[in-house]
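Residue strings, one per chain:
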Amino acid sequence: LRIGVMSFSVALLVVGGFLVVQLLVASDLFRIDEIQVEGGQHLAQEQVVSLSDLKPGLNTFSLDLDLIGRKIEENPWVREAQVQRVFPRRIDIRIEERRPVAIINLGYLYYLDDRGEVFKVLDGNDTLDFPVVTGFDYHLIEQRDQQSAADLKKIVALLEDLRRREQFDLKQVSELHRECGGGFALYTLT
């Protein structure tokens, strides 16, 4: 009799717990009514929300936050996206955007970020107020050639050093060219 009562009690608790969870999931108490975005400079809040496919009224328990973060990271400006639930009715999105430091000519013009990564083809809305990097092969960059990656990081470090200088600074540099022998040529504006 004790085993039967215990078994029935456990089954009743499991079924009751399941029903309570289903009731909470279906409840309007956990419907999204606010989406906050932090960290965007190039992307407006509306653009980030659009990338996430989040809409007011969705249930917070039905969301795959990792998938939403990966969708947002498909935008070339986004280095990393973190999506969090803030109970009961809010979603927070924090993005880290890439910071361009140069334009690299690989047949098309791309941005080069502060970590030495090529990340975006330039379009008509992008600014061209950066030094141009030349002497790299698109196919080697695409295949993640170690020497090309190391050279791009050296160029980023050089650009950062020039940015901090007071005399002969980054404003006077128009192009950095990687030579065949592994050296770099620096071309000035004047």
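Refer to the structure above for everything that follows.
To start, this report covers the structure provided alongside it. (Residues numbered from 1 in each chain as written. Predicted model: local features only at pLDDT ≥ 70, side-chain atom pairs only at ≥ 80, totals over all residues. Heavy atoms only, no water.)

This part covers the sheet that holds strand β9 (residues 184–188). Strand order in the open sheet made by the six strands is β6-β5-β4-β7-β8-β9, with mixed pairing throughout. Looking along the sheet, the strands with just one partner apiece sit at the ends: β6 (118–121) and β9. This sheet shows a mean twist of 30 degrees between the axes of neighbouring strands, independent of strand direction. Note: strand β4 (residues 100–105) against strand β7 (residues 132–134), two bridges, orientation parallel. Bridging from a neighbouring strand, I103 pairs with V132 of β7. Along the sheet, helix α5 (residues 146–164) makes contact with β4, β5 (109–113), β6, β7, β8 (173–178) and β9, crossing β8 at roughly 155 degrees. (Pairing = 2+ DSSP bridges. Helix = DSSP H or I, 4+ residues; strand = E, 2+ residues; numbered from the N terminus. Axes fitted to C-alpha atoms, helices over the stretch in contact; angles between N-to-C directions. Contact = heavy atoms within 4.5 Å.)

Attention now moves to the sheet that holds strand β1 (residues 34–38). In spatial order, the strands read β1-β3-β2; together these three strands make up an open sheet with mixed pairing. Both edges of this open sheet fall to β1 and β2 (78–86), since each of them pairs with a single strand only. With strand direction ignored, the average angle separating the axes of adjacent strands in the sheet is 15 degrees. Direction of pairing for β1 relative to strand β3 (residues 90–97): parallel, over a ladder of five bridges. When the bridges of β3 are listed, V37 appears paired with I93. Across the sheet, helix α2 (residues 45–52) is in contact with β1 and β3; its angle to β1 comes to roughly 115 degrees. Contacts from helix α3 (residues 65–73) reach β2 and β3 within the one sheet, and its direction differs from that of β2 by about 150 degrees.

Looking along the chain, the bond that leaves F87 and enters P88 is cis, with omega of 5 degrees. Looking at the element boundaries, P88 is found in the loop between β2 and β3. Despite not being glycine, R144 has its phi angle at roughly 60 degrees, a positive value. Mapping R144 onto the fold places it in the loop between α4 (138–142) and α5.

This paragraph deals with the pattern of salt bridges. Under the criterion given, the structure shown has 17 salt bridges. The salt bridge partner of R90 is D92, with a shortest N-O separation of 2.9 Å. For D92, a relative accessible area of 5% translates into the label buried. The residue R98 makes a salt bridge to E117 at a minimum N-O spacing of 2.8 Å. One end of the pair, R98, is in the loop between β3 and β4; the other, E117, is in the loop between β5 and β6, with 19 residues separating them in the sequence. Linked through salt bridges whose partners overlap, the residues forming this network are R79, E96, R98, R99, D113, D114, R115 and E117. (Salt bridge = Lys/Arg side-chain N within 4 Å of Asp/Glu carboxyl O. Buried < 20%, exposed > 50% of the residue type's maximum accessible area, 1.4 Å probe, protein only.)

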